[in-house]
Amino acid sequence: MTLNYETIHGLDFTNEEITACLKRGGLLTLELEFSKVCNLKCIYCYASAGNAMSDEMTLAEIKNVIDQAAELGAEKIILLGGGEPLMYEDIPLVVEYIHKKGLKQSIFTNGMLLTKELSGFLFERNVSVVVKHNSNIPEVQDKLGGVKGAYDKIRHGFEYLLEAGYPNGAAQLGIQTVICRQNLKEIPDMWIWARERGIIPYFEIITNQGRAKEHKELHVSNEEIRKVFEELEYIDETRFGHKWSPHPTIASFTCKRHLYSCLVNSQGYIQPCTGIDMPVGNVKHEKLKDILKKSPVIQKLRNIYANIQGECKACEFAFDCYGCRGNAYQTTGNYLAPDPACWLNKKAKRQAGAKKQAVSEVPLGGEGSVAVDTTINF
């Protein structure tokens, strides 16, 4: 399958479309959570998901915020769940509602609750699906997911999607992988497997929030991230003819979401993104357009190239990248600060060199581990 430029680089919209969106103060996408309830206990989870909150949005409130996003020009709704979106009992109704409004939609799921019927339902409505898959080694996947047997259930869910016809046309298929100590050596093989099948590899750095704060064994140095990104760049150019410049936070992707998107969490609070978990208003009490217009945080991020600080402002990639604002916020408390996870950040390089911190060894997939066959059998 041939992947287009947007699929390779994550550019959903042209610069002209983004400029027009900024001019009208609107949206092109909306990221939407439903509930914090989840059937996994991922040790890297940004939301520390598991149990539902007491004041989560009702179905009527969810539909209302989708309507408001559409009025602001949103063309796509990204269904994140907050926990596991397929555990939300009204998810078919939400999907159908978005479909009937003529909007595109993507859903991020661990895939464990996918069935033949549900996979077919999503495919028929052109819902792009991204499955959270962090390792080809069952023990590693289960460890990262916090639940024994997760690997097998995820694999079965993925097989249902393939049987339904994914990936095909508007119904794209992706795998979302967090790059961590336990799966670092697997990343290139997983990338190749995905590219060869027209599956979008959505491989990202972990932000230091949620449960990731409690699990330092996940940590991968900036230098190691640089090396794996550059290896993926080399693979893409030499094997698949795709060219891109390696920089955080998602390999081959350029994040411009702060120029045209926002997140509504399960309780109705507006956040700039999952990484900047700073509420700027609540759609239960105010109109979405009013929140976006009056929020200094949103407005500064929409003018990010003028407001960004330090190394990021002078970076050679500043025309196409502004670093990960989530990394900056979670590490420094300043969402406009230079991205501390970027290997191009000279200050971060100096600090890393001064610490001379050795990389910890973890048995599961790390240095010194027993060789395991990591062939993907989906």
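Structure: above.
Please read these numbers as outputs of a predicted model, since none were measured by experiment. In every chain, residue numbers begin from 1 and rise along the written sequence. Given that the model is predicted, a residue must reach a pLDDT of at least 70 before its local features are reported, and side-chain atom pairs must reach 80 or more before they are shown or counted; all residues, however, enter totals for whole chains, interfaces and linings. Computation of side-chain values covers all heavy atoms of the structure but excludes hydrogens and water.

Re the side chain of T29
The secondary structure listing takes helices from DSSP runs of H or I that are at least 4 residues long and strands from runs of E that are at least 2 residues long, numbered from the N terminus. Relative to the helices and strands, T29 is located in strand β1 (residues 29-35). Identification of polar contacts relies on pairs of N or O atoms within 3.5 Å, with a donor-acceptor requirement for protein atoms, meaning one able to donate a hydrogen and the other able to accept it, and with residues adjacent in sequence counted only if both atoms are side-chain atoms. Of note is the side chain of T29, whose polar atom sits 2.8 Å from the side chain of S261. Here, residues are in contact when the closest pair of their heavy atoms is within 4.5 Å. Setting aside its immediate chain neighbours within four residues, T29 contacts F13, A74, K76, I78, Y260, S261 and C262.

Some points on the pairing of strand β2 (residues 76-82)
Of all the seven residues making up β2, seven are buried; the element is thus mostly covered by neighbouring parts of the structure. For every residue, the accessible area (1.4 Å probe, protein chains only) is compared with the maximum for its type, and the residue is labelled buried under 20%, exposed over 50%, or partly exposed between those bounds. Neither face of β2 is left uncovered, since the one carrying K76, I78, L80 and G82 and the one carrying I77, L79 and G81 both have all their residues buried. Looking at chain direction, β1 and β2 are connected through six bridges and run parallel. What sits directly across from E31, in β2, is I78. The crossover handedness rule: strands pointing away from the viewer, path from first strand over the helix to second strand clockwise, crossover right-handed. Handedness of the crossover joining β1 and β2 through helix α3 (residues 59-71): right-handed. Here, strands pair whenever DSSP counts at least two bridges between them. Relative to strand β3 (residues 104-109), β2 runs parallel, the two sharing four bridges. Within the sheet, the bridge partner assigned to K76 lies in β3 and is K104. One crossover worth recording links β2 to the parallel β3 by way of helix α4 (residues 91-100), and it is right-handed.

Description of the state of the cysteines
Each disulfide is one covalent bond, formed between the sulfur atoms of two cysteines. By convention in this document, the label disulfide applies to cysteine sulfur atom pairs within 2.5 Å. Applying the stated criterion across every chain yields a total of zero disulfides. For the unlinked cysteine C42, the closest cysteine sulfur is that of C38, found at 6.1 Å. The thiol sulfur of C321 is not disulfide-bonded, and the nearest other cysteine sulfur, from C315, lies at 6.4 Å. Given a relative accessible area of 14%, C321 falls into the buried group.

Everything listed here is a matter of geometry and, on its own, says nothing about what the molecule does.
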